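Letter by letter, the chains look like this.
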Amino acid sequence: GDSVTQMEGPVTLSEEAFLTINCTYTATGYPSLFWYVQYPGEGLQLLLKATKADDKGSNKGFEATYRKETTSFHLEKGSVQVSDSAVYFCALSDQQNSGYALNFGKGTSLLVTP
Amino acid sequence: DVKVTQSSRYLVKRTGEKVFLECVQDMDHENMFWYRQDPGLGLRLIYFSYDVKMKEKGDIPEGYSVSREKKERFSLILESASTNQTSMYLCASRGDRVRTGELFFGEGSRLTVL
C-alpha cells in the first residue's frame, strides 16, 4: 500500500534555529499529504495539509510543499520555540483503502532547548 | 469543534482478560478508526468503520475486534489480552470518505497488560 518515510529522531535544536523534518512518500495515485503533531500527553492534532501537487500547507509558522517530482513533503520552520517540542508525524491518505485511512510515518521527536 | 472522547486514559489488565476501549465522537461523522501507537513503529491501523455495523480490517487486526452499533460510538475489543498488546490506542473520526479529509483524534488510551 501507499506509505511515507520520515527522518528518524530525536532532533534537538536550540531556540530560534531552523527546522527541517524530511518526509517522502510512495503512492500509486494522488494522495493528500498531512503533518500531525503530538504534544506530550496529548492526542494527535493536524498541523497542516496539502491536497495536490505544488500546494503549500502552512500553520503556526510551519510550512510544507507537496512536491510530486521528488515525492516529498518536508516540514520546515524558520525559527523554532521551546513550545514546538513534540512528536511530528507525516501521513498520507491511502487511496487503496476504502476508508481513506491515513498511513503514518514513524514520527520524529523534536526537542527545542532554551 | 470536533470532540473525540476515549473513555479511559489509562488501563491495567491481566493476560487473558477481555478489554473494551470505548470511543465517542460528537460530530455525526461516518468514519471512525482505531490505531495503535508504539515507539519506533508510529501509528498502525487496526480497524475502521465507515457506517453503523460496517467494519473493515486495517493492517494489524489480529487479536482485536470492533463494534459500531451507533454512529457516534466505536468500540475496540481485545477478546483475550496479551502482553504484546500493551500499547497506546488512538481513536479517530472523519466526516467524509474523501482523500482530502483530516482525521480528528482522541487523547488516547494507554493499556498495560500484565
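Counting starts from 1 at the beginning of each chain's written sequence and moves along it residue by residue. For naming, the first written chain is A and the first written ligand is 1, with later ones following in the order written. Per-residue local features of the predicted model are confined to residues with pLDDT of at least 70, and side-chain atom pairs are confined, for both listing and counting, to 80 or more; whole-chain, interface and lining totals are unaffected and use all residues. With hydrogens and water set aside, each side-chain value is computed from the structure's full complement of heavy atoms.

Here's the deal with the interface of chain B and chain A
Next up, step 1: In this complex, chain B contributes 23 residues to the contact, which on the side of chain A involves 25 residues.
Next up, step 2: A side-chain nitrogen of Lys or Arg and a carboxyl oxygen of Asp or Glu constitute a salt bridge if their distance falls within 4 Å. Where chain B touches chain A, the interface holds zero salt bridges.
Next up, step 3: The way it works is that DSSP assigns letters per residue, a run of H or I at least four long becomes a helix, a run of E at least two long becomes a strand, and they are numbered from the N terminus. Of all the secondary-structure elements, those providing two or more residues to the side of chain B that touches chain A are strand E4 (31-38), strand E5 (42-51) and strand E9 (87-94) of chain B.
Next up, step 4: At four residues, the largest contribution of residues to the side of chain B that touches chain A is made by E5 of chain B.
Next up, step 5: Note on residue classes: Ala, Val, Leu, Ile, Met, Phe, Trp, Tyr, Cys and Pro are nonpolar, Asp, Glu, Lys and Arg are charged, and everything else, Gly too, is polar. In terms of residue class, the side of chain B that touches chain A is made up of ten nonpolar, six polar and seven charged. Residue contacts are defined here by distance: any two heavy atoms, one from each residue, within 4.5 Å place the two residues in contact.

Description of the environment of lysine 13 of chain B
Residue and element names in this part refer to chain B.
Next up, step 1: Assignment of secondary structure puts lysine 13 in strand E2 (residues 10-13).
Next up, step 2: Throughout this description, buried means an accessible area under 20% of the type-specific maximum (1.4 Å probe, protein chains only), exposed means over 50%, and partly exposed covers the range between. Take lysine 13: its relative accessible area is 25%, and that puts it in the partly exposed class.
Next up, step 3: Setting aside its immediate chain neighbours within four residues, lysine 13 contacts Val19, Leu111, Thr112, Val113 and Leu114.

Looking at the state of the cysteines
Residue and element names in this part refer to chain A.
Next up, step 1: Only a pair of cysteine sulfur atoms within 2.5 Å counts as a disulfide in this structure description. Summed over all chains, the structure comprises two disulfides over all chains.
Next up, step 2: The disulfide bridge from cysteine 23 ends at cysteine 90, spanning 1.9 Å between sulfur atoms. Judged by the sign of its S-S torsion, about -70 degrees, the cystine formed by cysteine 23 and cysteine 90 is left-handed. A residue pair is termed long-range when its members are at least 10 positions apart, and cysteine 23 in strand E4 (residues 23-26) and cysteine 90 in strand E10 (residues 86-93) qualify at 67 residues.

Brief notes about the nonpolar core
Next up, step 1: Counting 26 residues, the largest nonpolar core has Trp35, Leu47, Leu48, Phe73, Leu75 and Tyr88 of chain A as the members making the most contacts within it.
Next up, step 2: Of all the secondary structure elements, the ones that give two or more residues to this core are strand E2 (11-14), strand E3 (19-21), E4, strand E5 (33-38), strand E6 (44-50), strand E8 (62-65), E10 and strand E12 (108-113) of chain A.
Next up, step 3: In terms of residues, this core owes the most to one element, E10 of chain A, which gives four residues.
Next up, step 4: We call a set of buried residues a nonpolar core when its members are Ala, Val, Leu, Ile, Met, Phe, Trp, Tyr or Cys and they connect through side-chain atoms within 4.5 Å of each other. Core analysis: the next-biggest nonpolar cluster, separate from the first, contains 20 residues, Leu11, Leu21, Phe74 and Leu78 of chain B among them.

Section: the pattern of salt bridges
Next up, step 1: Counting across every chain of the model gives eleven salt bridges over all chains.
Next up, step 2: Here glutamate 63 of chain A ties to lysine 56 of chain A by a salt bridge, and the two come within 3.6 Å at their closest N and O atoms.
Next up, step 3: When its relative accessible area of 34% is taken as the criterion, glutamate 63 of chain A is described as partly exposed.
Next up, step 4: Residues participating in the shared-partner salt-bridge network are Asp28, Glu30 and Lys71 of chain B.

Description of the packing of aromatic side chains
All names here are of chain A.
Next up, step 1: Between 30 and 60 degrees the pair is tilted, below 30 it is stacked and above 60 it is edge-to-face, where a pair is any two Phe, Tyr or Trp rings, Trp via its six-membered ring, whose centres lie within 6.5 Å. Under the defined criterion, the tally for this structure stands at eleven aromatic pairs over all chains.
Next up, step 2: Seen from their ring centres, tyrosine 25 and tyrosine 66 are 5.8 Å apart, and the 85 degrees between their planes marks the pair as edge-to-face. With tyrosine 25 in strand E4 and tyrosine 66 in the loop between E8 and strand E9 (75-77), this residue pair connects regions lying 41 residues apart in the sequence.
Next up, step 3: For tyrosine 25, a relative accessible area of 8% gives the class buried.
Next up, step 4: Since its relative accessible area comes to 2%, tyrosine 66 is described here as buried.

Notes on the environment of serine 93 of chain B
Residue and element names in this part refer to chain B.
Next up, step 1: Mapped onto the elements of the fold, serine 93 is located in strand E9.
Next up, step 2: When its relative accessible area of 0% is taken as the criterion, serine 93 is described as buried.
Next up, step 3: If near-sequence neighbours (up to four positions away) are discounted, serine 93 is found in contact with Val2, Val4, Gln25, His29, Asn31, Met32, Phe33, Glu102, Leu103 and Phe104.
Next up, step 4: Engagement of the side chain of serine 93 in a polar contact is seen with the side chain of histidine 29, the distance being 2.8 Å. Distance and chemistry together define a polar contact, namely a pair of N or O atoms within 3.5 Å, with one atom able to donate a hydrogen and the other to accept it when in protein, and with adjacent residues in sequence counting only for side-chain atoms on both sides.

Digging into the environment of aspartate 1 of chain B
Residues and elements named next belong to chain B.
Next up, step 1: Structurally, aspartate 1 is set in the segment before strand E1 (4-6).
Next up, step 2: The exposed category is assigned to aspartate 1, whose relative accessible area is 93%.
Next up, step 3: Sequence separation of aspartate 1 and lysine 71 is 70 residues, and the distance between their C-alpha atoms is 18 Å.

So, to be careful, I would describe these as geometric facts and stop short of saying anything about function.
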